[in-house]
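# Overview (structure and organization)
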Amino acid sequence: MIELQNVSKSFTLHNQGAAVIPVMEGATLKVEPGECIGLTGASGAGKSTLMRVVYGNYLAASGRIMVGDVDVAQATPRDILALRRETLGYVSQFLRVVPRVPTLDVVAEPLLAVGVEQDAARDRAATLLAGLNIPERLWQLSPTTFSGGEQQRVNIARGFAHSYPALLLDEPTASLDAKNRATVLGLIAQAKARGAAIIGIFHDESARAQVCDRFVDVSTFTPRAVA
Ligand SMILES: Nc1ncnc2c1ncn2[C@@H]1O[C@H](COP(=O)(O)OP(=O)(O)OP(=O)(O)O)[C@@H](O)[C@H]1O
């Protein structure tokens, strides 16, 4: 479902004499439907960069990045938006929302975007919010003023609203208490059971042991410094 072949990425620092920093070389990995792989490697090894390259936020310098039948490395912006709407979900660590939109609609929005009717979308949003212990009195408020942990849970509810065939999870259990962490791990297990292919970053070792089928150490893709 997700397959990277020989992907490389470097950053050009235009404000620092156009210095070029290679961060990834020859990245190759494959995630089958129903499988969750965990990215490992020291801080700065390139875990988040790999996720952003797959999501199309960063343009790869070379290689193929297949998500379903779309090569993200070659896709047009319009194709990438369609891929994100229908196929590829991304739960980042931080919630980014349009101000003043009620939480219930923030969570229902990915379902409306794929044509689910409003009542059904709101029902699913309500089930997710209740499961993640967001009190009902908050559902009609914008999440912009919520606590960090509440915002993270709204973000997770939104990320799991639509049944994406492929998912990127960047530390989805960071800063959650044990009960909510267990709920999120349950959502990940359900997504795997319905056949989602998942790439995740989990710093929490017990979380990663519970949901990951195998690990990929991204430092094997870190270019060696030229002496
Ligand atoms: N937008 C950017 N511009 C320039 N350099 C960047 C950019 N994003 C990441 N880098 C560099 O790429 C390297 C990999 O960063 P990345 O955030 O992917 O690491 P990580 O493995 O996710 O680290 P952590 O575990 O600390 O989150 C780092 O050296 C970082 O400085």
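As a reminder, the structure under discussion sits directly above these lines.
Residues numbered from 1 in each chain as written. Predicted model: local features only at pLDDT ≥ 70, side-chain atom pairs only at ≥ 80, totals over all residues. Heavy atoms only, no water.

### Brief notes about the side chain of T103
Position of T103 relative to the elements: it lies in helix α3 (residues 103-113). Polar contacts involving the side chain of T103 include one to the main-chain carbonyl oxygen of L141, which spans 2.7 Å. Beyond its immediate sequence surroundings of up to four residues, T103 is in contact with L129, L138, W139, L141, S142, P143, F146 and V154. (Helix = DSSP H or I, 4+ residues; strand = E, 2+ residues; numbered from the N terminus. Polar contact = N/O pair within 3.5 Å; in protein donor to acceptor, adjacent residues only side chain to side chain. Contact = heavy atoms within 4.5 Å.)

### Some words on the packing of α3 against helix α4 (residues 118-131)
Close contact between α3 and α4 brings their axes to 8 Å; oriented N to C, the two are set at 125 degrees. The orientation of α3 relative to α4 falls into the category oblique. Between α3 and α4 lies a crossing whose hand is right-handed. On α4, the residues that touch T103, L104, D105, V107, A108, L111 and L112 of α3 are Q118, A121, R122, R124, A125, A126, L128 and L129. (Axes fitted to C-alpha atoms, helices over the stretch in contact; angles between N-to-C directions. Parallel < 35°, antiparallel > 145°, perpendicular 65-115°, else oblique. Left-handed = near helix turned anticlockwise from the far one by under 90°.)

### Some remarks on the site of the ligand
Near the ligand you find 13 residues, and of these S43, G44, K47, S48 and T49 are the closest. Between G46 and the ligand, the recorded distance is 2.9 Å, taken from a backbone N or O atom to an oxygen atom. Y58 places a side-chain nitrogen or oxygen 3.4 Å from a nitrogen atom of the ligand. Bound to the protein, the ligand loses 62% of the 640 Å² it would expose on its own. Contributions of two or more residues to the shell around the ligand are made by β1 (2-13) and α1 (47-55). Of the residues forming the shell around the ligand, the biggest block, three residues, is contributed by α1. Residue composition of the shell around the ligand, grouped by class: six nonpolar, six polar and one charged. (Near = heavy atom within 4 Å. Areas by Shrake-Rupley, 256 points an atom, 1.4 Å probe, with all protein chains shown as cover. Nonpolar A, V, L, I, M, F, W, Y, C, P; charged D, E, K, R; others polar.)

### Overview of the sheet that holds strand β7 (residues 166-170)
Here five strands make up an open sheet; going across it, the order is β6-β7-β8-β3-β9 and the pairing parallel. Whereas interior strands pair on both sides, the edge strands pair on one side only; in this sheet they are β6 (88-91) and β9 (214-217). Along the sheet, successive strands turn relative to each other by an average axial angle of 20 degrees, direction set aside. Relative to strand β8 (residues 197-201), β7 runs parallel, the two being bridged by five bridges. In the strand pairing of β8, L169 is matched with G200. (Pairing = 2+ DSSP bridges.)

### Regarding the pattern of salt bridges
Evaluated as defined, the whole model comprises seven salt bridges. Residue D213 is joined to K192 by a salt bridge in which the shortest nitrogen-to-oxygen separation is 3.2 Å. One end of the pair, D213, is in the loop between α7 (205-211) and β9; the other, K192, is in helix α6 (residues 178-193), and 21 residues separate them in sequence. On the basis of relative accessible area, D213 is assigned to the partly exposed category, the value being 45%. (Salt bridge = Lys/Arg side-chain N within 4 Å of Asp/Glu carboxyl O. Buried < 20%, exposed > 50% of the residue type's maximum accessible area, 1.4 Å probe, protein only.)

### Digging into the side chain of D170
Along the chain, the position of D170 falls in strand β7. Salt bridges are absent for the buried D170, whose nearest opposite-charge side chain, R52, sits at 5.1 Å. Apart from residues no more than four positions distant in its own chain, D170 is found in contact with S48, M51, Y90, V91, S92, Q93 and I201. (Lys, Arg positive; Asp, Glu negative; His and termini not counted.)

### A closer look at α4
Between the first and last C-alpha of α4 there are 20 Å, a value that for 14 residues agrees with the 20 Å anticipated at 1.5 Å per step. Buried within α4 we find A121, A125, L128 and L129. Across the axial projection of α4, the buried residues extend over an arc of 95 degrees, all falling on one side. Seen from the buried face of α4, the exposed residues on the opposite side, beyond 90 degrees, are D119, D123 and T127. Buried residues along α4 sit in contact with α3, α5 (148-159) and α6. (Expected span 1.5 Å × (residues − 1). Arc of directions from axis to C-beta.)

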